Amino acid sequence: YRGLMPTILGMAPYASYPFDVTRRRMQLGTVLPEFEKCLTMRETMKYVYGHHGIRKGLYRGLSLNYIRCIPSQAVAFTTYELMKQFFHLN
């Protein structure tokens, strides 16, 4: 069980990414020409999947998201460690 939980937790962002794409597409609202087809989450996912597929639709921008995530987490980790040392919390 020790190896299973990190694997599941590591895959969670990958599994939930299509919902993030759907949310962003719905937030764009009237800017998109297909606005009428993207009113609900179900309609939006159906539209994106139907017109762009899985790889170029539901997972569009995933690699850039991971590239952006690496420096962000590095800064957060470094800040955390430096503040621990600064406040003598070791």
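Scroll up for the structure.
What comes next concerns the included structure. Keep in mind it's a predicted model, so treat the numbers as computed, not measured. (Residues numbered from 1 in each chain as written. Predicted model: local features only at pLDDT ≥ 70, side-chain atom pairs only at ≥ 80, totals over all residues. Heavy atoms only, no water.)

Before going further, it helps to examine the packing of helix 1 (residues 4-28) against helix 4 (residues 62-86). Following both chains from N to C, one finds helix 1 and helix 4 inclined at 130 degrees, their axes separated by 11 Å at the closest point. In this view, helix 1 runs oblique relative to helix 4, as classed from their interaxial angle. Between helix 1 and helix 4 the crossing geometry is right-handed. Counted together, Pro-13, Tyr-14 and Tyr-17 of helix 1 and Leu-62, Asn-65 and Tyr-66 of helix 4 form the full contact between these two elements. (Axes fitted to C-alpha atoms, helices over the stretch in contact; angles between N-to-C directions. Helix = DSSP H or I, 4+ residues; strand = E, 2+ residues; numbered from the N terminus. Parallel < 35°, antiparallel > 145°, perpendicular 65-115°, else oblique. Left-handed = near helix turned anticlockwise from the far one by under 90°. Contact = heavy atoms within 4.5 Å.)

Another aspect to go through is the environment of Arg-42. Checked against the element boundaries, Arg-42 lands in helix 2 (residues 41-52). Spatially, the C-alpha atom of Arg-42 lies 8.9 Å from that of Thr-22, the residues being 20 residues apart in sequence.

Using the criterion set out here, one finds three aromatic pairs in the structure. Ring plane angle 25 degrees and centroid distance 4.9 Å describe the contact between Tyr-14 and Tyr-59, whose orientation is recorded as stacked. Here Tyr-14, found in helix 1, pairs with Tyr-59, found in the loop between helix 3 (54-58) and helix 4; they are 45 residues apart in sequence, far enough to count as distant. Given the relative accessible area of 41%, Tyr-14 is considered partly exposed. By relative accessible area, Tyr-59 is classed as buried at 19%. Taking 6.3 Å as the distance between ring centres and 15 degrees as the angle between the ring planes, the aromatic pair formed by Tyr-17 and Tyr-59 counts as stacked. Remark: Tyr-59 occurs in the loop between helix 3 and helix 4 and Tyr-17 occurs in helix 1; sequence separation between them is 42 residues. A single burial state applies to Tyr-17 and to Tyr-59, both of which are buried. Linked through ring pairs, Tyr-14, Tyr-17 and Tyr-59 together constitute an aromatic cluster. (Phe/Tyr/Trp six-rings, centres within 6.5 Å; stacked < 30°, edge-to-face > 60°. Buried < 20%, exposed > 50% of the residue type's maximum accessible area, 1.4 Å probe, protein only.)

Take the nonpolar core next. Counting eight residues, the largest nonpolar core is built from Tyr-17, Val-21, Cys-38, Tyr-47, Val-48, Leu-58, Tyr-59 and Leu-62. Listing elements by their share of this core, those giving two or more residues are helix 1 and helix 2. (Core = buried A, V, L, I, M, F, W, Y, C linked by side-chain atoms within 4.5 Å.)

Let's shift gears to the layout of surface pockets. If you add up the space inside the largest pocket, you get close to 160 Å³. Looking at the largest pocket, the residues that line it are Val-21, Arg-24, Arg-25, Leu-28, Val-48, His-52, Lys-56, Gly-57 and Arg-60. No other element matches the four residues that helix 1 contributes to the lining of the largest pocket. (1 Å grid on protein atoms, 1.4 Å probe; cavity = no way out; pocket = protein on both sides within 12 Å on 5 of 7 lines; lining within 4 Å. Points joined across faces, edges and corners; volume = space filled by probe spheres on them.)

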